[in-house]
Structure formats: C-alpha cells, structure tokens
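Architecture and fold: a report
One letter stands for each residue in the lines below.
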Amino acid sequence: ADDDADDDSQEIVAGTAPGFEPFEMVIDGELVGFDIDLLEAVVEETDYELAGWEELEFDGLIPALENENIDVIAAAMTITDEREETISFSDSYYSADQSVLVQSGGDVQPDDLEDLEGLNVGAQSGTTGEGIVQDELIDEGLIDEGDYDSYDNYVLAVEELERGTLDAIIIDEPVAESFAADREVEIAFTFETGEEYGFGVRQDDDDLQAALSEGIEAVEESSEYDEITQEWFDE
Ligand code: GLN
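Structural notes, computed from the coordinates. (Residues numbered from 1 in each chain as written. Predicted model: local features only at pLDDT ≥ 70, side-chain atom pairs only at ≥ 80, totals over all residues. Heavy atoms only, no water.)

1. Let's talk about the packing of aromatic side chains
Summed over the entire model, instances satisfying the criterion amount to 15 aromatic pairs. Seen in terms of ring centroids, Phe 23 and Phe 233 are 5.5 Å apart; in terms of plane orientation they differ by 65°. Their pairing is edge-to-face. With Phe 23 in the loop between β1 (10-16) and β2 (25-27) and Phe 233 in the segment after α7 (224-232), the pair connects residues that are 210 residues apart, well separated along the chain. Per residue, the accessibility class of Phe 23 equals that of Phe 233, and both read buried. Geometrically, the ring pair formed by Tyr 93 and Tyr 197 is edge-to-face, given 6.3 Å between the ring centres and 65° between the ring planes. Of this pair, Tyr 93 sits in the loop between β6 (87-89) and β7 (94-103) while Tyr 197 sits in strand β11 (residues 185-197), placing them 104 residues apart in sequence. The same class applies to Tyr 93 and to Tyr 197, which are both buried. One aromatic cluster in this structure is built from Phe 20, Phe 23, Phe 34, Tyr 93, Tyr 94, Tyr 154, Tyr 197, Phe 199, Tyr 225 and Phe 233. (Phe/Tyr/Trp six-rings, centres within 6.5 Å; stacked < 30°, edge-to-face > 60°. Helix = DSSP H or I, 4+ residues; strand = E, 2+ residues; numbered from the N terminus. Buried < 20%, exposed > 50% of the residue type's maximum accessible area, 1.4 Å probe, protein only.)

Printed below as a string of structure tokens:
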C-alpha cells in the first residue's frame, strides 16, 4: 500500500535514445529534451503514471517495447507503415523532413541527392534516414553498399563528419539544425519527406494508445505545447 499513489493509475516506463538533440539528450548527466517534457506533460493528462525512463540505442527501442522492458517509445520516431506492422503509434505530435549534413566549409557541397553519387554517406541504424540511403542512394545505384556507414548514434556520425572521414549524413531536419548550431557541420540541403512523429506503444495496448492521443490533444490545446516548443526550439 503506497499512500502517495493514485490507486487507479497504471505505471508505464518510457524508452528513448539520447543524442538526438533537441528531442532527447543527456546534459550534465540528466536526460532532457522536447520529447521528455512533452511525454511527461501528455501522461499528466491521462490516468497513467510515468514510472521512469530507459535510455537505449534507437534500433533497440522497438525490441524493448515488444519485450515489455518499456511501455512507450518517445524518440522522435516517425510513424511508418513498416513500423506499424509490429507496433502502434499515438497521433502525431511533430512534423519533420530530412536534411543532408556535411562538414562546415568542406569540399563536399551537394545540392541534391544525386550529388551524393560515389560519396561516403552515414546514418543512424534503424532510422528513416537509413531508409533513404537504401532506397534513394543504394537502390538507385548512386552509391555502393560499402559506401554506407551505419552508426548506433548520430553523434558518432557527426564526429566523423567533423574529422572529414565521412562525406555526408542523412538526418531529420530539426536535429540537423541543432548539430549545425553546435558543431563544425552545416546543412547542405533539406528535402521533403513529410514525416510525422508519434509515441510508440505495443499493438495490444489500445487504451494507452488512445490515452496518449487524447493527452497530446489536451497539451496542444493548452499553452503547454507552445511552452515546451519554445523551450527547446528557437521559435
Ligand atoms: N525520425 C527518424 C526515424 O524515426 C529518426 C529518429 C531518431 O533517430 N531518433 O527513424
């Protein structure tokens, strides 16, 4: 018997993949970011209670959800048909496109995907950025399989760009902007993918899925969504 607990509330554990600023990152040992604040505000609107956060690699999030190590994914994860074959998503809470990042002032200055022909391209394992490398670059014959470098985390790929050991990265535009502001990398160009981020849940968790979607709507209707956006983006 825990006197503090709301007896009707069900505890859930969230999973995320830090290193994807400003959505989720570790600063001074603390997990912070847009997704962290947003999910916490959204869960406040529901009968659920957030018991804590697990930090995982991005491509470990869906397996962790399926294994019930976590109950919800909050990781700037794009709602895709492929992912919906194994998990479900809340309604969208953010829209994004993809950008190509290069070394600041470097020799590689592509204007479009065709300009990436024959270059060394990187992305984070399991992302939609990696999907673009496969579909638009490898399958189109612009680069060889061996020209693609897959990273556990985009931070590692950005470090290779800064060192000049990688030519370009394909990454979500808001995150590209954040890296470009903080590091020796710049956005070469952005292309429209119309991605929508949702919170991921298990397919049988209809109640949680509905509660999160209702919570997102409530947070968007109050001033909270704008406050959280202002805190993490210069908007
Ligand atoms: N939005 C992209 C995806 O869903 C990247 C997410 C991420 O790297 N955290 O694949």
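2. Points about the packing of helix α1 (residues 34-44) against α7
Axis separation between α1 and α7 bottoms out at 9 Å; the angle between their running directions is 165°. Between α1 and α7, the angle is such that the two are roughly antiparallel. Between α1 and α7 lies a crossing whose hand is right-handed. Packed against α1, whose contacting residues are Phe 34, Asp 37, Leu 38 and Ala 41, the element α7 presents Glu 224, Tyr 225, Ile 228, Thr 229, Glu 231 and Trp 232 at the interface. (Axes fitted to C-alpha atoms, helices over the stretch in contact; angles between N-to-C directions. Parallel < 35°, antiparallel > 145°, perpendicular 65-115°, else oblique. Left-handed = near helix turned anticlockwise from the far one by under 90°. Contact = heavy atoms within 4.5 Å.)

3. With respect to the site of the ligand
In the vicinity of the ligand, 14 residues are found, and the nearest of them are Ala 76, Thr 78, Arg 83, Thr 128 and Asp 172. In the model, an oxygen atom of the ligand is placed 2.8 Å from a nitrogen or oxygen of the Thr 78 main chain. Interatomic distance of 2.6 Å between a side-chain N/O atom of Asp 172 and a nitrogen atom of the ligand. Protein coverage of the free-state accessible area of the ligand, which is 290 Å², stands at 100%. Residues belonging to the shell around the ligand are distributed by class as follows: seven nonpolar, four polar and three charged. (Near = heavy atom within 4 Å. Polar contact = N/O pair within 3.5 Å; in protein donor to acceptor, adjacent residues only side chain to side chain. Areas by Shrake-Rupley, 256 points an atom, 1.4 Å probe, with all protein chains shown as cover. Nonpolar A, V, L, I, M, F, W, Y, C, P; charged D, E, K, R; others polar.)

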